[in-house]
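Residue strings, one per chain:
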Amino acid sequence: MLYKVAICDDSSLDRQYISELVNKWAGLECHAVHISSFPSAESFLFHYAEESDYDILLLDIEMGDMDGVTMAKKLRRDNDTIQIVFITGYSDYISEGYEVAALHYLMKPVIEGKLFTVLNRAAEKLSKNEKILNFETSGEMIRVPIYQIRYAEVSGNYVTIHASADHVVKMTLGELERELDDRFYRAGRSVIVNLTQISRVTKTEIKLNDGAAIPLPRGAYEGVNRAIINMR
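Because the structure is a prediction, the values reported are computed rather than measured.

Engineer: Help me get a handle on the environment of Glu42, residues and values and all.
Structural biologist: By the element assignment, Glu42 lies in helix 2 (residues 41-48). Among the polar contacts made by the side chain of Glu42, one reaches the main-chain amide nitrogen of Met66 at a distance of 3.3 Å.

Engineer: Go over helix 1 (residues 12-29) with me, naming the residues and quoting the values.
Structural biologist: If you check helix 1, its first and last C-alpha atoms are 26 Å apart, about what 18 residues at 1.5 Å a residue would give, namely 26 Å. Listed in full, the buried residues belonging to helix 1 are Arg15, Ile18, Ser19, Leu21, Val22, Trp25 and Ala26. Along helix 1, the residues classed as buried sweep out an arc of 165° about the axis, all on the same side. Helix 1 presents Leu13, Gly27 and Leu28 as exposed residues on the side facing more than 90 degrees away from its buried surface. Next to the buried residues of helix 1 lie strand 1 (2-8), strand 2 (32-38), strand 3 (56-60), strand 4 (83-88) and helix 5 (112-129). Of the residues trailing helix 1, Cys30 is marked for its positive phi of about 60°.

Engineer: So what's going on with the sheet that holds strand 13 (residues 198-201)? Residues and values would help.
Structural biologist: Read from one edge of the open sheet, three strands run 13-14-15, paired in antiparallel fashion. This sheet does not close on itself; its edge strands, each paired only once, are strand 13 and strand 15 (213-215). Taking each pair of neighbouring strands and ignoring which way they run, the sheet shows an average axis angle of 25°. Here strand 14 (residues 205-208) pairs with strand 15 via three bridges, running antiparallel. Its bridge partner being in strand 15, Ile206 is matched across the sheet by Ile214. Each of strand 13 and strand 14 touches helix 7 (residues 221-231); the most contacted strand, strand 13, lies at about 145° to it.

Engineer: Residues and numbers for helix 5, please.
Structural biologist: For the α-helix, the turn length of 3.6 residues means that residues three or four positions removed from each other point alike. Helix length check: helix 5, at 18 residues, gives a terminal C-alpha distance of 26 Å against a target of 26 Å (1.5 Å per residue), a fit within 8%. Buried within helix 5 are the following residues: Leu115, Phe116, Val118, Leu119, Arg121, Ala122, Ala123, Lys125, Leu126, Lys128 and Asn129.

Here is what the cut-offs are and how they apply
Residues numbered from 1 in each chain as written. Predicted model: local features only at pLDDT ≥ 70, side-chain atom pairs only at ≥ 80, totals over all residues. Heavy atoms only, no water. Helix = DSSP H or I, 4+ residues; strand = E, 2+ residues; numbered from the N terminus. Polar contact = N/O pair within 3.5 Å; in protein donor to acceptor, adjacent residues only side chain to side chain. Expected span 1.5 Å × (residues − 1). Buried < 20%, exposed > 50% of the residue type's maximum accessible area, 1.4 Å probe, protein only. Arc of directions from axis to C-beta. Contact = heavy atoms within 4.5 Å. Pairing = 2+ DSSP bridges. Axes fitted to C-alpha atoms, helices over the stretch in contact; angles between N-to-C directions.

In structure tokens form, the structure reads like this:
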């Protein structure tokens, strides 16, 4: 499979080093890669406006006028499939990764084996994003890419699937759960949530990136947090 990879780092030496490692990984895993390198967040965003089909972004955090976290937030406004890997010399930014659904953080200097492991995870997630679920509702067949599903909730004999649009389907929550993958977590009897869409978890609710609030049953808090940690 061909993966389009962007490397954004204000150090030319780091860009070259990461690019060499990505090419080595691709050779070992029998993937094809197209690598583009950018010296700043601004240069990437300028190019991205014309060419937005990148699969993997290896992103330095500490850059010039615009840092990597700010750039990632801009990117996530209209792209929820690109796999973002932060590369940093500091651990202070890790909590901000929740806001942009970062796949992983790599500390500088980047270790070859750790980068290869993360790239394999990115490839696996991209493969999962290709899966499409088919539902029959109101006499028609609808096709929903699995990555678009933010959460699903049951009411009686029907499940409402909240994706790019809301779809009400006659099925059980258990039937839907069997179609999903490890990005999704059953938070109680009546709801399944996409862990990559969570921005915050409290004792009483799950807050999603789009602002939706899902009530959390008593005793479910620890389970949700464990699922998020295990997913990452």
